Amino acid sequence: MKAIELTAPRLDAFRAATVATPEPQRGEVLVRLRAASLNFVDVAVASGNYPGPSFPLIPVADGAGEIAALGEGVTKYAVGDRVIAHAKPRWIGGRPRPYEMTQMRGLTLPGSLAEYVALPANAVVPTPAHLSFEAAATLPIAATTAWNATRAADVGPGSVVVLLGTGGVSILTLQLAKAAGATVIITSSSDEKLERARALGADHLINYRTTPDWDGKVLKLTDDLGADLIVETGGSATFARAVNATAPGGTLFTIGFVTGAEAMVDLLPIIIKALRVVGNNTGSVSDLRDAARAIGAAGIEPVIDKVYSQDRAAEAYAHMAAGGRHFGKLAFRLEW
Ligand SMILES: NC(=O)c1ccc[n+]([C@@H]2O[C@H](COP(=O)([O-])OP(=O)(O)OC[C@H]3O[C@@H](n4cnc5c(N)ncnc54)[C@H](OP(=O)(O)O)[C@@H]3O)[C@@H](O)[C@H]2O)c1
């Protein structure tokens, strides 16, 4: 089959390759990949900033397509079914064991810039009927994480949710939180992106460049209470302010390192406000299934800023690595 390989931890080290087509084993399905989507973690892998890869590898964790063949014993899918391939196909549900959590497509397992991938049948989930292949391919990492964030804080009508920036996770959380009836406050470096977020239902907009004390603004908007949920995608530059902007008993969903992974933390506000600082590592196949079901039921359309062909991988990676240039997701349409 045809594939794109990443040959070294460099953002331009992509090459077209022909590799053996995988054979679905007992209990597996062969998925003909039709689309993929890019996540910050893919860029981290290609920049040498993520542990675990050995090169060459088939990059990009997230993908979607249709079943091309069934391994022995698989009855739950038929050839032609549209499915989403989870990024962590060994983690089916429940609390993960370390091995299940660290095995990731595009890192230690073949990724999505290929014609086919063979996966356990219980590691793929049905695609919501209204989604294109490209939209479906945005779900594994970003929607699973966004879903877990809203579940961790029991988000519902009256909840206040704060989202940092307008990347893939923030925008999918915005859409899920609005579908759940929450009030959403979102920050961005760009007024134009904030207006796009407003069009998706965001209630309050803060430009973190012109309002660097965005945490103060969150407190002002919430009668000094703070947010019930902050999805902490920023890392070093945002963590302390996120602690300040979280309401007593609120959830600081700690997932990202866009500005770095180290932070000096004053423990007292966490203790005094009894904050729930919740880590997350994407989630299981079961979490993805629930997220996809919710997105199907709510008719949510993931926002894709730009679609690339697979032979423009270096351009797509550079676009995301530049930071702040996209809104929502970047995707690949796979046509070989
Ligand atoms: N642990 C997990 O489960 C998990 C899962 C998914 C993602 N993540 C992590 O979460 C982070 C976001 O992922 P993503 O895929 O959504 O990335 P992304 O699409 O690249 O979005 C990153 C966004 O961060 C915003 N940003 C940059 N500097 C900021 C700052 N100082 N304050 C506030 N926002 C800032 C920018 O928004 P503007 O352009 O609007 O300014 C940018 O678009 C990454 O670190 C990723 O690795 C973790």
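Rules used throughout
Residues numbered from 1 in each chain as written. Predicted model: local features only at pLDDT ≥ 70, side-chain atom pairs only at ≥ 80, totals over all residues. Heavy atoms only, no water. Helix = DSSP H or I, 4+ residues; strand = E, 2+ residues; numbered from the N terminus. Rg over C-alpha atoms; globule rule 2.2 N^0.38 Å. Buried < 20%, exposed > 50% of the residue type's maximum accessible area, 1.4 Å probe, protein only. Contact = heavy atoms within 4.5 Å. Areas by Shrake-Rupley, 256 points an atom, 1.4 Å probe, with all protein chains shown as cover. Lys, Arg positive; Asp, Glu negative; His and termini not counted. Charge placed at Lys NZ, Arg CZ, Asp CG, Glu CD. Patch = residues over 30% accessible without salt bridge, like charges linked within 9 Å, V, L, I, M, F, W, Y side chains within 5 Å. Salt bridge = Lys/Arg side-chain N within 4 Å of Asp/Glu carboxyl O. Near = heavy atom within 4 Å. Polar contact = N/O pair within 3.5 Å; in protein donor to acceptor, adjacent residues only side chain to side chain. Pairing = 2+ DSSP bridges. Right-handed = clockwise from strand over helix to strand, strands pointing away. Expected span 1.5 Å × (residues − 1). Axes fitted to C-alpha atoms, helices over the stretch in contact; angles between N-to-C directions. UniProt positions renumbered as here; feature names shortened; annotations may be inferred. Parallel < 35°, antiparallel > 145°, perpendicular 65-115°, else oblique. Nonpolar A, V, L, I, M, F, W, Y, C, P; charged D, E, K, R; others polar.

Participant: Go over the overall build of the protein chain, please, and point to the residues and values.
Facilitator: Of regular secondary structure, the protein chain possesses 11 helices and 15 strands. In terms of overall size, the protein chain behaves like a compact globule, its C-alpha atoms giving a radius of gyration of 20 Å where 336 residues would be expected to give roughly 20 Å. Considered along the principal axes of its C-alpha atoms, the protein chain spans approximately 60 × 40 × 35 Å. Split into buried and exposed, the 336 residues of the protein chain put 54% on the buried side. In the protein chain, 69% of the contacts between residues at least 6 apart in sequence involve partners at least 24 apart. Accessible surface computed for the protein chain: about 13,900 Å², of which carbon and sulfur atoms make up 52%. Counting 31 positive and 32 negative side-chain charges, the protein chain places the averaged centre of each group 2 Å from the other.

Participant: Please give an account of a nonpolar patch on the surface that cites residues and values.
Facilitator: Side chains of Val265, Leu267, Leu268, Ile271 and Ile272 sit close together on the surface and give an oily, nonpolar patch of about 520 Å² of accessible area. Structurally, the position occupied by Ile271 is in helix 9 (residues 267–272).

Participant: Break down the site of the ligand for me, with residues and values.
Facilitator: Residues in close proximity to the ligand total 26 residues, the closest being Thr166, Ser188, Lys193, Tyr208 and Thr282. Thr166 is positioned with one of its side-chain polar atoms (N or O) 2.6 Å from an oxygen atom of the ligand. With respect to the ligand, the backbone of Asn280 contributes an N or O atom lying 2.7 Å from a nitrogen atom. Within the complex, the protein chains bury 91% of what would otherwise be the 930 Å² of accessible surface of the ligand.

Participant: Now, about the pairing of strand 10 (residues 204–207): what can you tell me, with residues and values included?
Facilitator: The pairing of strand 9 (residues 183–188) with strand 10 spans four bridges and is classified as parallel. Bridging across to strand 10, Ile185 finds its partner in His204. Of the crossover connections in this fold, the one passing from strand 9 over helix 6 (residues 191–199) to the parallel strand 10 is right-handed.

Participant: Describe helix 4 (residues 139–152), with residues and values.
Facilitator: Taking 1.5 Å per residue, 14 residues should reach 20 Å; helix 4 reaches 18 Å between its end C-alpha atoms and fits that length. Within helix 4, 12 of the 14 residues are buried, which leaves the element mostly enclosed by the surrounding structure. Residues Leu139, Pro140, Ile141, Ala142, Ala143, Thr144, Thr145, Ala146, Trp147, Asn148, Ala149 and Thr150 constitute the buried set of helix 4. A positive backbone phi angle near 50° is found at Asp154, which sits one or two residues after helix 4.

Participant: Pulling in residues and values, what's your account of the sheet that holds strand 12 (residues 246–254)?
Facilitator: Taken in spatial order, the six strands of this open sheet run 10-9-8-11-12-13, and their pairing is parallel. Pairing within the sheet leaves two strands with one partner each, and these edge strands are strand 10 and strand 13 (276–279). Direction aside, the axes of adjacent strands within the sheet are offset by 15° on average. Pairing of strand 8 (residues 160–164) with strand 11 (residues 227–232) involves three bridges; the strand directions are parallel. Looking across to strand 11, one finds that Leu163 is bridged to Val231.

Participant: Could you give an account of unusual backbone geometry, with specific residues and numbers?
Facilitator: The peptide bond linking Phe55 to Pro56 adopts the cis configuration, its omega dihedral lying at 0°. A positive phi angle is found at Val60, which is not glycine, with a value near 80°. Following the sequence through the fold, Val60 ends up in the loop between helix 1 (40–46) and strand 4 (62–70). Positive phi outside glycine occurs at Ala274, with the angle close to 50°. The residue Ala274 is located in the loop between helix 9 and strand 13 in this model.

Participant: Account for the UniProt feature "domain: Enoyl reductase (ER)" (unreviewed entry) in the protein chain, with residues named and values stated.
Facilitator: Taking the UniProt record as the reference, the feature "domain: Enoyl reductase (ER)" (unreviewed entry) is found at residues 9–332. As a span, residues 9–332 carries 30% helix and 25% strand, and end to end its C-alpha atoms are 20 Å apart.

Participant: For the packing of helix 4 against helix 10 (residues 285–298), give the residues involved together with the corresponding values.
Facilitator: Where helix 4 contacts helix 10, the two axes come as close as 8 Å, and the packing angle between them is 85°. Comparing the axis directions of helix 4 and helix 10 gives the class roughly perpendicular. In this structure, helix 4 contributes Leu139, Pro140, Ala143, Thr144, Trp147 and Asn148 to the contact, and helix 10 contributes Asp287, Leu288, Asp290, Ala291, Ala292, Ala294 and Ile295. Its residues placed into classes, the contact of helix 4 with helix 10 shows nine nonpolar, two polar and two charged.

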